[in-house]
Amino acid sequence: GEPVRSLGTSRSGVSQVVARPSLVRVLFPPMTLALVVRLVLWVSLPPSPAWDGVPFERAAEDIAAGRGFTRAMFSRDQPPIATAFYPVGLPAALAVIRTTGAGRQGDLLFQCVVGVLTVPVGYALGRRLGGRRTGALTAWLAALWPGGVLLSLSWMTEPLFSLLVATSSAIIAWSSFRTRRHALALAVGVLSLATYVRPSGLVVAAALVLATIWID
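Residues numbered from 1 in each chain as written. Predicted model: local features only at pLDDT ≥ 70, side-chain atom pairs only at ≥ 80, totals over all residues. Heavy atoms only, no water.

1. Quick notes on helix 1 (residues 23-44)
Between the first and last C-alpha of helix 1 there are 32 Å, a value that for 22 residues agrees with the 32 Å anticipated at 1.5 Å per step. Contacts from the buried residues of helix 1 go to helix 4 (103-130), helix 5 (132-144) and helix 6 (146-151). (Helix = DSSP H or I, 4+ residues; strand = E, 2+ residues; numbered from the N terminus. Expected span 1.5 Å × (residues − 1). Contact = heavy atoms within 4.5 Å.)

2. What to know about the layout of surface pockets
In this model, the largest pocket occupies a volume close to 240 Å³. As for the largest pocket, its lining consists of 16 residues, and the residues nearest its centre are Thr118, Ala142, Trp145, Ser162 and Ala166. Those elements that place two or more of their residues in the lining of the largest pocket are helix 4, helix 5, helix 6 and helix 7 (158-173). The dominant element in the lining of the largest pocket, judged by the number of residues it contributes, is helix 4, at 5 residues. (1 Å grid on protein atoms, 1.4 Å probe; cavity = no way out; pocket = protein on both sides within 12 Å on 5 of 7 lines; lining within 4 Å. Points joined across faces, edges and corners; volume = space filled by probe spheres on them.)

3. Things to note about the packing of aromatic side chains
By the definition in use, this model includes 4 aromatic pairs. Considering the side-chain rings of phenylalanine 56 and tyrosine 86, the 5.0 Å spacing of their centres and the 70° angle between planes classify their relative orientation as edge-to-face. Pair noted here: phenylalanine 56 is in helix 2 (residues 53-64) and tyrosine 86 is in the loop between helix 2 and helix 3 (89-98), with a separation of 30 residues, a long-range link. A residue is classified by how much of its surface remains accessible, and phenylalanine 56, at 4% relative accessible area, is buried. In this structure tyrosine 86 comes out as buried when scored by relative accessible area, which is 17%. The interplanar angle of 85° and the centroid separation of 5.5 Å between the aromatic rings of phenylalanine 74 and phenylalanine 85 together place this pair among those described as edge-to-face. Here phenylalanine 74, found in the loop between helix 2 and helix 3, pairs with phenylalanine 85, found in the loop between helix 2 and helix 3; they are 11 residues apart in sequence, far enough to count as distant. Among the aromatic side chains, those forming a connected cluster through ring pairs are Phe56, Phe74, Phe85 and Tyr86. Its guanidinium or amino end placed over the ring of tryptophan 174, arginine 128 lies 5.3 Å from that ring's centre, counting from NZ or CZ. For the cation-ring pair, arginine 198 lies above phenylalanine 161, with the distance from its terminal atom to the ring centre recorded as 5.9 Å. (Phe/Tyr/Trp six-rings, centres within 6.5 Å; stacked < 30°, edge-to-face > 60°. Buried < 20%, exposed > 50% of the residue type's maximum accessible area, 1.4 Å probe, protein only. Lys NZ or Arg CZ within 6 Å of the ring centre and 35° of its normal.)

4. Let's talk about the pattern of salt bridges
Counted under the stated rule, the structure contains 9 salt bridges. Where glutamate 57 meets arginine 98, a salt bridge forms, and the shortest distance between an N and an O atom there is 2.7 Å. Of the two residues, glutamate 57 is situated in helix 2 and arginine 98 in helix 3; the sequence distance between them amounts to 41 residues. Of the two residues, glutamate 57 and arginine 98, both sit in the buried class. Residue aspartate 216 is joined to arginine 180 by a salt bridge in which the shortest nitrogen-to-oxygen separation is 2.9 Å. Of this pair, aspartate 216 sits in the segment after helix 9 (201-215) while arginine 180 sits in helix 8 (residues 180-197); the two residues are 36 residues apart in sequence, bridging distant segments of the chain. Residue classification places aspartate 216 among the partly exposed residues on the basis of a relative accessible area of 41%. Among the residues examined, arginine 180 registers a relative accessible area of 14% and is labelled buried. Connected through shared salt-bridge partners, Glu57, Arg98, Arg104 and Asp107 make up one network. (Salt bridge = Lys/Arg side-chain N within 4 Å of Asp/Glu carboxyl O.)

5. Thoughts on the nonpolar core
Membership of the largest hydrophobic core comes to 32 residues, with the highest contact counts inside it found for Leu160, Leu164, Ile172 and Leu191. Secondary-structure elements contributing two or more residues to this core are helix 2, helix 3, helix 4, helix 7, helix 8 and helix 9. In terms of residue count, helix 7 provides more of this core than any other element does, 8 residues in total. What leucine 164 contacts, discounting residues up to four positions off in sequence, is Val190, Leu193, Ala194 and Val197. By size, the runner-up hydrophobic cluster in this structure holds 9 residues, among which are Val26, Val116, Ala139 and Ala142. (Core = buried A, V, L, I, M, F, W, Y, C linked by side-chain atoms within 4.5 Å.)

6. Here's the deal with helix 5
An ideal rise of 1.5 Å per residue puts 18 Å on 13 residues; helix 5 measures up with 19 Å between its terminal C-alpha atoms. Buried residues of helix 5: Gly135, Ala139, Ala142 and Ala143, and no others. Relative to the axis of helix 5, the buried residues are bounded by an arc of 100° and lie together on one face. Structural note: helix 5 exposes Arg133, Leu137 and Leu141 on the side pointing more than 90 degrees away from its buried face. Of the surrounding secondary structure, the elements contacted by the buried residues of helix 5 are helix 1, helix 4 and helix 6. (Arc of directions from axis to C-beta.)

These results come straight from atomic positions and should not be treated as a statement about function.
The structure is reproduced here in structure tokens:
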């Protein structure tokens, strides 16, 4: 938690100590606030599945119980026949939590944690593009973005998809020309996981590859 100090030189040539806040001091406040805001809303509402969140929540329950990803997620009157109508990524991730017996509370905890993790990734992107101040501002925006807060209290795919897309972008942003190939392979790997959450991950992957080639 101590500030990182580095030597600087003034116009008079006299060395001076310049204090720079550590990464923990920069990220701890927005990450803490991001979590607190989500928890307060969680307790105040409380949330329940609606719209597309209903089949995702049913699918998570079915996968955790070993019944698979089937048409029964649309309605319990539907036959348990395998389907690919919806992407399986979010229900599969929630199913891992469901195996612990956490139920819906575990689903929301997962979504809140994913939402909070967008804060350091946002900082990494902002820091790379505009320096420390921009990074800190981006972290606060990610923490308090109203849409991100509300979606963290749902059974929708946006929080997890946003985290994966932002992570892949940060990987490319922090790569050098020498490490670009490995970074691009890793970024595309992350986006391949994002494709299981939302199919538009394929479009993002293509755009990222083309943009990287154009920049280089």
